[in-house]
Amino acid sequence: MKDSGPSEPSSPSSEPFPAPVYSETVLAVNFEDAKKYFLDSLLEIHAAHTLMLGRQAIIPKAVASVLLEAISKLDRVGILRARYDGRSEDLFFYVQHLLVESCGEDAAGRIHTARSRNDIDLTLYRMCLRREILRISADAAEARAVLIALAASHLETLMPAHTHTQPAQPTTLAHYLLGAIEFLGRDLQRLRAAFATVNRNPLGACAITTTGFPIDRDYTARMLGFEGLQLNSYGAIGAIDYLSEAAGAIAVLMLNLGRLVQDLLLWCTPEFGFLRLSDAYVQTSSIMPQKRNPVALEHVRILASRAFSQSQAVLSCAHNTPFGDVVDSEDDLQPLALAMCADTSRALRLFAGVVSRAEVNRERMCRAANGGFLTVTELADTLVREEGASFRVAHRLVAASVRIVGRDDSPEPLVTEMERLAPEILGRKLSKPRELWLRALDPAHFVAIRAIPGGPAPEAVRAQIAVAEKEQAEAEEWVHAKRSLLEGYSELMQNEILALKKATP
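The rules behind the values
- Residues numbered from 1 in each chain as written.
- Predicted model: local features only at pLDDT ≥ 70, side-chain atom pairs only at ≥ 80, totals over all residues.
- Heavy atoms only, no water.
- Phe/Tyr/Trp six-rings, centres within 6.5 Å; stacked < 30°, edge-to-face > 60°.
- Buried < 20%, exposed > 50% of the residue type's maximum accessible area, 1.4 Å probe, protein only.
- Lys NZ or Arg CZ within 6 Å of the ring centre and 35° of its normal.
- Salt bridge = Lys/Arg side-chain N within 4 Å of Asp/Glu carboxyl O.
- Helix = DSSP H or I, 4+ residues; strand = E, 2+ residues; numbered from the N terminus.
- Core = buried A, V, L, I, M, F, W, Y, C linked by side-chain atoms within 4.5 Å.
- Contact = heavy atoms within 4.5 Å.
- Axes fitted to C-alpha atoms, helices over the stretch in contact; angles between N-to-C directions.
- Parallel < 35°, antiparallel > 145°, perpendicular 65-115°, else oblique.
- Left-handed = near helix turned anticlockwise from the far one by under 90°.
- Nonpolar A, V, L, I, M, F, W, Y, C, P; charged D, E, K, R; others polar.

Draft legend 1. Structural detail: the packing of aromatic side chains. For the structure on display, the rule yields 11 aromatic pairs. Summarising the aromatic geometry, the rings of Phe-92 and Phe-93 are spaced 5.1 Å apart at their centres and angled 75 degrees between planes, so their arrangement reads as edge-to-face. Overall, the relative accessible area of 7% leaves Phe-92 in the buried class. By relative accessible area, Phe-93 is classed as partly exposed at 33%. An aromatic cluster of at least three residues, connected via ring pairs, comprises Tyr-176, Trp-267, Phe-272 and Phe-274. A cation over a ring is seen here: Arg-130 above Phe-226, with NZ or CZ 4.7 Å from the ring centre.

Draft legend 2. Representation of the pattern of salt bridges in the model. Within this structure, the stated rule accounts for 25 salt bridges. Across the salt bridge formed by Asp-106 and Arg-110, the nearest N and O atoms sit 3.3 Å from each other. With Asp-106 and Arg-110 both in helix α5 (residues 105-110), this residue pair falls 4 residues apart, about one helical turn. Among the residues examined, Arg-110 registers a relative accessible area of 32% and is labelled partly exposed. Each of the salt bridges in this network shares a partner with another, and the network as a whole consists of Glu-378, Asp-381, Arg-385 and Arg-450.

Draft legend 3. Just the environment of Gly-212, in detail. Along the chain, the position of Gly-212 falls in the loop between α7 (173-198) and α8 (217-223). For the pair Gly-212 and Lys-35, spaced 177 residues apart in sequence, the C-alpha separation works out to 32 Å.

Draft legend 4. Focus on the nonpolar core. With 127 residues, the main nonpolar core has Val-95, Leu-147, Met-254, Leu-257 and Phe-351 as its most contacted residues. The greatest single-element share of this core, amounting to 19 residues, is contributed by helix α6 (residues 117-152). Discounting chain neighbours no more than four positions away, the residues touching Val-95 are Leu-39, Leu-42, Leu-43, His-46, Leu-74 and Ile-79. Among the nonpolar cores identified, the runner-up in size contains 24 residues, and Leu-379, Ala-389, Ile-425 and Leu-441 belong to it.

Draft legend 5. Molecular detail of the packing of α7 against helix α19 (residues 458-503). Two numbers describe how α7 lies on α19: the axes approach to 10 Å, and their chain directions differ by 30 degrees. Comparing their axes, α19 and α7 come out roughly parallel. Regarding α7 and α19, the two cross each other, and that crossing is left-handed. Contacts between α7 and α19 pair Ala-174, His-175, Leu-178, Ile-181, Leu-188, Arg-192 and Phe-195 from the former with Val-461, Gln-464, Ile-465, Ala-468, Glu-474, Ala-475, Trp-478, Lys-482 and Leu-486 from the latter. Considered class by class, the residues forming the contact of α7 with α19 number 11 nonpolar, 2 polar and 3 charged.

Draft legend 6. Spatial organisation of the environment of Ala-57. Inspection of the secondary structure assignment puts Ala-57 in the loop between α1 (20-55) and α2 (61-72). Separated by 158 residues in sequence, Ala-57 and Ile-215 have C-alpha atoms that sit 9.4 Å apart.

Here it is, written out as structure tokens:
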């Protein structure tokens, strides 16, 4: 008997799937994420596709009815409790296995006619993302409504406007807030555009080139609450701008919110004292009993920063990937996008709560608007209007007067110096009474005279608020309409299921 020698090592390609480390680092993690985020959408896609197959006579209506019954009887709680054990590659195949157990392999196997995991995945990703965009839109609209109400109650609350972080000119709190109200309005428009891009049906693209079966993509779009098709099948699978557009809109929204919160945190400092948060939103120190820390606004800031960073991570993950079907934009990326959405919503909701209960110190704001020579632009403008001086000469005269009086920013010494310097700089004495120059230095007058569109004068601000309120009503109506759409398609699909069962012998 000959010695056969040492046995040949097994080929790496003969190792059973999945490798333990692959299971631990990828498949088990993705299985949990899929259950958490996508189970309901997956089952809705199964039902809509089955209805369409029966309607198009691609499978017998009786089989479609059996499949729909099996889908409806799946134990969702049991699926959520399931743990990845390697017997099914992912949640899709796990649910497919449950359907086989429920109605047999022949019937269950027919549900996968004219579709692929590719178009299923892209469809459920869009279904989840559209819900998140709508929720964020509602939260942004609520935050904007809080700011509109606050602006409406502070039309004449004087405050200093800052440029380069330095006090610059008087304005009103309403005027300041309207700047933020406007950018939130633009943020809502960006979110609406992202929703329109996302809410297109990719189902029917199959792997990437559609199918030879006579499917009805418009029908599944209606059954699943989509507002049209993601038409080109290659783009439906390979394009990722539905997600990057949403990430971009969220990035701009969170950047805008963070900049506003930075100001509000500054206003909460004793040095400013413009804003006092409700006790419900402040925390004290474990060692310093006097502390009122505005940590709720700090939480808004870090949540906005987190969401912004996640949006950049979404874009980075997609950058330089091939235009086609790749996992880079699938199982590992989608939870990151949904975490981005969750933190965005948290930031907006908390911001609205904090601001709605905050107390504005009108007296402190007005005092700050009365100091620091903030009104001298109007003094120069008045010299132009009343004395016929060029603005450059008027600017030079006022600047010289400010330098001479130094830190004494009260109106009387400033006007005295301006009158004294006028012959030297202007070439003649001032012809108008002293009271005119003193009035020019009044911050209330400064604001009142700036009444052109977009200015801080109360009548100009009222007009801006009226525009904002109209836009707000339109935004809220849009949110309501899209909520109705996403809440109503399930009933539409159930009615179709009932009709099919009635038509099935």
